[in-house]
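# Observations on the three-dimensional arrangement
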Amino acid sequence: YFCIFRAIGEDRRTKYKAAVKIQRWFRACRVRDYLRHLSKMAILIQKWWRGYLRRKHFRELVERAYFIKKLKFYNEMAVRIQKTWRGYYVRKYIHSFYALKKYLKAVSVNNELVRSELQEYAEMKENEEKMKDLEKKEKQVKYQARKMHYLLSTEQIPGIYNSPFRKSPDPMELLLRKSKPLTHRKQPVKSPLADELYGWPTCKKPPDFVTALSLLPADKQKPQGPFRHPAEVLRQRYKPLEPTLRVRESMYSPPAKAKEATPREEWRSPIHDNEFLPFSSYHKKYEKYEPSLCKSGKYGQEAYGTKYFREVYPKKWIANKDFETLFSSIALFEKFGKTYSSTGQIM
């Protein structure tokens, strides 16, 4: 009996598991089918709702586009009406066609008058130029006649323009009879003191033409602006010439000749031609060799190859400032290019 009950229990347990498995599968299929149905319904609802929203938005876009098109049409019609009315008003009351036509006609008439006057003026100028050319040619012919007056024929000898083989004399012959001969120009007499150039180079005597210049009135007022007084300008303009020392000295003076002779003497007998005394002959009675001042001094000897002629010891200076090598300026050279000579030119 135990085996029978055990087999029955196992069979019942197997059937129970099979029933549970079938129920589990069926319930899963039913839930999945229900969820699938819910998803389809949700998609269908969303589709219809979104379609409704898109159709509503599109309807609004169409209405807005139709309104804008209608507004543009109304604006274009209003502009056309305003354009037509303004054109009519301007043509009738502001820019009248007949008044404009009359104005243009008057402008054309005035144009013709101006053109005719310009043509007359051009012709008059051309005639004046022709008359000037004729007068110039006549003057030249008369000048040539006066210049060649010596070719005039006489009672004894006929001239080249009055050939005896001609029936009537040449027009040049008649012109020679009417004209007067040219007179000889007086040659300017050269002054014997012209080479001195009114006291050059001392320039103590001003030139003659300076005194002939018309001076400004003394009571003339100063011109408006950054200008100097006329009296000061005249004083500077007619100031006597102050040449430099080099210009003032003559090239033929004894100092200048002495300066010219000095380079010749140096070239003829140069100092550096003396042979260097060798050290081997130091015991002989030759002159002693003295070192150059630019290479040695009481402060010590300078090393070879330095570019300075003397060593500098700032600690031994009495004053704290550096030694000034600048000379004081010469007053005569400072005036160069800033003052005027007696002839009115800048020095």
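Residues numbered from 1 in each chain as written. Predicted model: local features only at pLDDT ≥ 70, side-chain atom pairs only at ≥ 80, totals over all residues. Heavy atoms only, no water.

- Per an unreviewed UniProt entry, the recorded name for the chain is SPT17 protein, and the organism is Rhadina sibilatrix.
- Recorded under Subcellular location (unreviewed entry), the UniProt text for the chain is reproduced unchanged: "Cytoplasm". (UniProt positions renumbered as here; feature names shortened; annotations may be inferred.)

## Looking at the overall build of the chain
- A tally of helices and strands in the chain yields 8 helices and 2 strands.
- Order of helices (α) and strands (β) in the chain, N terminus to C terminus: α-α-α-α-α-α-α-β-β-α.
- Taken over 347 residues, the chain has a buried fraction of 9%.
- Put simply, of all contacts in the chain between residues at least 6 apart along the chain, 50% involve residues at least 24 apart.
- For the chain, the computed accessible surface area is about 34300 Å², with 61% contributed by carbon and sulfur atoms. (Helix = DSSP H or I, 4+ residues; strand = E, 2+ residues; numbered from the N terminus. Buried < 20%, exposed > 50% of the residue type's maximum accessible area, 1.4 Å probe, protein only. Contact = heavy atoms within 4.5 Å. Areas by Shrake-Rupley, 256 points an atom, 1.4 Å probe, with all protein chains shown as cover.)

## Some words on the side chain of Ser153
- With respect to the helices, strands and loops of the structure, Ser153 is situated in the loop between helix H2 (97-147) and helix H3 (171-178).
- Ser153 gets classed as buried once you look at its relative accessible area, which sits at 15%.
- In terms of polar contacts, Ser153 uses its side chain to reach the side chain of Asn162, at 3.3 Å.
- A distance of 2.7 Å separates the side chain of Ser153 from the side chain of Glu173, its partner in a polar contact. (Polar contact = N/O pair within 3.5 Å; in protein donor to acceptor, adjacent residues only side chain to side chain.)

## Comments concerning helix H1 (residues 2-94)
- A rise of 1.5 Å per residue sets the reference length of H1, with its 93 residues, at 138 Å; its end C-alpha atoms lie 134 Å apart and thus fit the reference within 8%.
- Those residues of H1 that sit buried are Gly9, Gly51 and Gly87. (Expected span 1.5 Å × (residues − 1).)

## Here's the deal with the pattern of salt bridges
- Under the defined criterion, the tally for this structure stands at 7 salt bridges.
- With a shortest N-O distance of 3.7 Å, Arg6 and Glu10 are connected by a salt bridge. On the criterion of helical spacing, the pair formed by Arg6 and Glu10 is a turn pair, its members being 4 residues apart in helix H1.
- Residue Lys125 is joined to Glu128 by a salt bridge in which the shortest nitrogen-to-oxygen separation is 3.9 Å. With Lys125 and Glu128 both in helix H2, this residue pair falls 3 residues apart, about one helical turn. (Salt bridge = Lys/Arg side-chain N within 4 Å of Asp/Glu carboxyl O.)

## Some remarks on the packing of aromatic side chains
- Tallied over the full model, the rule gives 6 aromatic pairs.
- Relative to Tyr74, the ring of Phe73 lies with its centre 6.1 Å away and its plane at 55°, an arrangement referred to as tilted.
- For Phe73, a relative accessible area of 45% gives the class partly exposed.
- Seen from their ring centres, Trp85 and Tyr89 are 6.2 Å apart, and the 35° between their planes marks the pair as tilted. Taken together, the residues span about one helical turn, with Trp85 and Tyr89 both in helix H1 at a distance of 4 residues.
- Given the relative accessible area of 39%, Tyr89 is considered partly exposed.
- In this structure an aromatic cluster arises from ring pairing among Trp85, Tyr88, Tyr89 and Tyr93. (Phe/Tyr/Trp six-rings, centres within 6.5 Å; stacked < 30°, edge-to-face > 60°.)

## With respect to the packing of H2 against H3
- Axis separation between H2 and H3 bottoms out at 9 Å; the angle between their running directions is 75°. Judged by the angle between their axes, H2 and H3 are roughly perpendicular. The segment H2 lies against H3, with Val141, Gln144 and Ala145 engaging Met172, Leu175 and Leu176. (Axes fitted to C-alpha atoms, helices over the stretch in contact; angles between N-to-C directions. Parallel < 35°, antiparallel > 145°, perpendicular 65-115°, else oblique.)

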